[in-house]
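Working through the structure, step by step
These are the residues of each chain, in order.
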Amino acid sequence: MEDPQRKEAISRVDTVLAALAGPIPASEVANGWNEHERLWWLDYFGELRRRIASGEPLAPKYRNVSILRGLDYRGITDYRGITSGEISELAADVDIIVFDIVEKEDAISRWKNNA
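A few points on the structure. Please read these numbers as outputs of a predicted model, since none were measured by experiment.

Right, let's talk about the pattern of salt bridges for a bit. Inspection of every chain in the model, using the stated rule, returns 9 salt bridges. For Glu 105, the salt bridge goes to Arg 6, with nearest N and O atoms at 2.7 Å. Here Arg 6 lies in helix 1 (residues 4–20) and Glu 105 lies in helix 5 (residues 86–114), a separation of 99 residues in the sequence. As far as the burial class goes, Glu 105 and Arg 6 line up, both buried. Between Arg 50 and Glu 47 there is a salt bridge, and its shortest N-O distance comes to 2.9 Å. With Arg 50 and Glu 47 both in helix 3 (residues 35–54) and 3 residues apart, the pair spans about one turn of that helix.

Now for the packing of aromatic side chains. Evaluated as defined, the whole model comprises 5 aromatic pairs. Here Trp 40 and Trp 41 contribute two aromatic rings whose centre-to-centre distance is 4.8 Å and whose plane-to-plane angle is 75°, an arrangement assigned as edge-to-face. On the basis of relative accessible area, Trp 40 is assigned to the partly exposed category, the value being 37%. Here the aromatic rings of Trp 41 and Tyr 44 are separated by 5.2 Å at their centres, their planes lie at 70°, and the arrangement is edge-to-face. Of the two residues, Trp 41 and Tyr 44 both sit in helix 3, 3 residues apart, roughly one turn of that helix. One exposure class covers both Trp 41 and Tyr 44, and it is buried. Grouping aromatic residues by their ring pairs yields a cluster made of Trp 40, Trp 41, Tyr 44 and Phe 45. For Arg 74, the ring lying beneath its charged end belongs to Trp 40, and the centroid distance is 4.1 Å.

Another aspect to go through is the side chain of Arg 51. Looking at the secondary structure, you find Arg 51 in helix 3. Judged by its relative accessible area of 13%, Arg 51 falls in the buried class. Those residues within four positions of Arg 51 in sequence are excluded, and the remaining contacts are Arg 6, Glu 56, Pro 57, Leu 58, Lys 61 and Tyr 62.

All right, on to the environment of Leu 20 then. Within the secondary structure, Leu 20 is located in helix 1. A relative accessible area of 0% places Leu 20 in the buried class. Here the alpha-carbon distance between Leu 20 and Lys 61, two residues 41 residues apart in the chain, equals 23 Å. Beyond its immediate stretch of four places on either side in the chain, Leu 20 contacts Trp 33, Arg 38, Trp 41, Leu 42, Phe 45 and Ile 87.

Relative to each other, helix 1 and helix 5 sit at 155°, their axes nearing to 9 Å. As judged from the angle between their axes, helix 1 and helix 5 are roughly antiparallel. Judged by the twist between their axes, the crossing of helix 1 over helix 5 is left-handed. Listed contacts from helix 5 to Gln 5, Arg 6, Glu 8, Ala 9, Arg 12, Val 13, Thr 15, Val 16, Ala 19 and Leu 20 of helix 1 are Ile 87, Leu 90, Ala 91, Asp 93, Val 94, Ile 97, Asp 100, Ile 101, Lys 104 and Glu 105. Considering only residue class, the contact of helix 1 with helix 5 consists of 11 nonpolar, 2 polar and 7 charged.

Conventions used here
Residues numbered from 1 in each chain as written. Predicted model: local features only at pLDDT ≥ 70, side-chain atom pairs only at ≥ 80, totals over all residues. Heavy atoms only, no water. Salt bridge = Lys/Arg side-chain N within 4 Å of Asp/Glu carboxyl O. Helix = DSSP H or I, 4+ residues; strand = E, 2+ residues; numbered from the N terminus. Buried < 20%, exposed > 50% of the residue type's maximum accessible area, 1.4 Å probe, protein only. Phe/Tyr/Trp six-rings, centres within 6.5 Å; stacked < 30°, edge-to-face > 60°. Lys NZ or Arg CZ within 6 Å of the ring centre and 35° of its normal. Contact = heavy atoms within 4.5 Å. Axes fitted to C-alpha atoms, helices over the stretch in contact; angles between N-to-C directions. Parallel < 35°, antiparallel > 145°, perpendicular 65-115°, else oblique. Left-handed = near helix turned anticlockwise from the far one by under 90°. Nonpolar A, V, L, I, M, F, W, Y, C, P; charged D, E, K, R; others polar.

This is how it looks when you write it as structure tokens:
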């Protein structure tokens, strides 16, 4: 049975991948995006999409990973999660659903361990 949450996550990741597929627009360059970041995040979201589509658990690898913090660390957003530009907003949408998937996986794991 296909997990609708994972299906939505793939859709959101695909939107980010499409935004990163070509050159970064000048409006996004002003927000901290550059070619190096575009390629780095293209690889990151490609791997994340592969894991989501495969059905592999996202926890523990993505349990303590925050895309927003990653954007902050790499100079694209700030530590409060205030995003700058469309690509960062799209990435924030992915961050939210990945967090929800990991939380669900953790809850199922705890339930199985206590059964």
